Amino acid sequence: MTACATGCSEVPLPAGWGHAVLHARSHGAEAGVTRSYDAHGRVLAWRPPSLDGGWACDVEASTTEAPALAARFGCSGGSLLQRWVLTETVAKLLDVPVLAFSRQHGLLPESPVGVPFEAPGFGRRIRLLALRPAALGAYCAFGVAG
């Protein structure tokens, strides 16, 4: 992971998943880039390898505490955060508010970190990738719908 000149860090993505950067603060809009913000105002900016289909990302700081969500879904800490970013990414891809999506489907299960996988059962092909780069102190998810 390398630091950018503008106070950001590159997020290590597997081959074929494009380029992602976690910025220390918001910055100007850039065409072809999707974004997500964490509770500290950091911005995950992702440029997928192709603009075909839909694409979305989500990020949560590893220090995020969400006791109401933990109680609601019966999990906490890293498990909750990883499952939340994956769920939010799918909800974005389906253009459904995440709370409505989670009421109907619950949270997505944990997945192997750094290994792309398919999320079945949503009426379209959805490929997901969960990451937790320790140096960034964040949980990240990336999704492509085809």
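Structure's up top.
Residues numbered from 1 in each chain as written. Predicted model: local features only at pLDDT ≥ 70, side-chain atom pairs only at ≥ 80, totals over all residues. Heavy atoms only, no water.

1. Focus: the environment of Arg125
- Relative to the helices and strands, Arg125 is located in the loop between β6 (117–118) and β7 (126–131).
- Considered as a pair, Arg125 and Gly137 are twelve residues apart in the sequence and their alpha carbons are 30 Å apart.
- Not counting residues up to four positions away in its chain, the partners in contact with Arg125 are Glu118, Val144, Ala145 and Gly146.
- A polar contact of 2.7 Å, which involves the side chain of Arg125, links it to the side chain of Glu118. (Helix = DSSP H or I, 4+ residues; strand = E, 2+ residues; numbered from the N terminus. Contact = heavy atoms within 4.5 Å. Polar contact = N/O pair within 3.5 Å; in protein donor to acceptor, adjacent residues only side chain to side chain.)

2. Concerning the environment of Ala61
- For Ala61, the position within the fold is in strand β5 (residues 54–61).
- Take Ala61: its relative accessible area is 0%, and that puts it in the buried class.
- Counting along the chain gives 59 residues from Ala61 to Pro120, while the straight-line C-alpha distance between them is 27 Å.
- Apart from the residues within four sequence positions on either side, Ala61 is in contact with Asp38, His40, Arg42, Leu81, Gly137 and Ala138. (Buried < 20%, exposed > 50% of the residue type's maximum accessible area, 1.4 Å probe, protein only.)

3. Focus: the side chain of Arg42
- Mapped onto the fold, Arg42 is located in the loop between β3 (34–37) and β4 (43–47).
- Polar contacts involving the side chain of Arg42 include one to the main-chain carbonyl oxygen of Gly137, which spans 3.2 Å.
- With residues near it in sequence (within four places) discarded, Arg42 still touches Leu22, His23, Ala24, Ser36, Tyr37, Ala61, Leu136, Gly137 and Ala138.

4. Section: the nonpolar core
- Membership of the largest hydrophobic core comes to 25 residues, with the highest contact counts inside it found for Val90, Leu108, Phe122, Ile126 and Leu128.
- Where this core is concerned, the elements lending two or more residues are α1 (67–73), α2 (77–94), α3 (98–105), β7 and β8 (138–145).
- The biggest single contributor to this core is α2, with eight residues.
- Not counting the four nearest positions on each side in its chain, Leu128 is found in contact with Trp17, Leu86, Thr89, Val90, Leu108, Val115, Pro116, Phe117, Ala119, Phe142 and Gly143.
- Judged by nonpolar contacts, the second largest core, of 16 residues, contains Leu44, Cys57, Leu129 and Ala138. (Core = buried A, V, L, I, M, F, W, Y, C linked by side-chain atoms within 4.5 Å.)

5. What to know about the pairing of β3
- Going residue by residue along β3, you find Thr34 and Ser36 tucked away on one face and Arg35 and Tyr37 left uncovered on the opposite face.
- The pairing of β3 with β4 spans four bridges and is antiparallel. Paired with Ser36 across the strands is Leu44, a residue of β4.
- Count of turn residues in the β3/β4 antiparallel hairpin: five residues, of which Gly41 carries a positive phi of about 85 degrees. (Pairing = 2+ DSSP bridges.)

6. Observations regarding the packing of aromatic side chains
- In the structure shown here, the tally under the stated rule is three aromatic pairs.
- Relative to Trp46, the ring of Trp17 has its centre 6.3 Å away and its plane inclined at 20 degrees; by these criteria the two rings are stacked. Of this pair, Trp17 sits in the loop between β1 (8–11) and β2 (19–23) while Trp46 is found in strand β4, placing the two residues 29 residues apart along the sequence.
- Judged by relative accessible area, which is 3%, Trp17 ranks as buried.
- Residues Trp46 and Phe142 carry aromatic rings whose centres are separated by 5.1 Å and whose planes lie at 70 degrees to one another, so their mutual orientation is edge-to-face. Taken together, the residues Trp46 in strand β4 and Phe142 in strand β8 connect sequence positions 96 residues apart. (Phe/Tyr/Trp six-rings, centres within 6.5 Å; stacked < 30°, edge-to-face > 60°.)

Without other data, these values stay purely geometric and don't point to any function.
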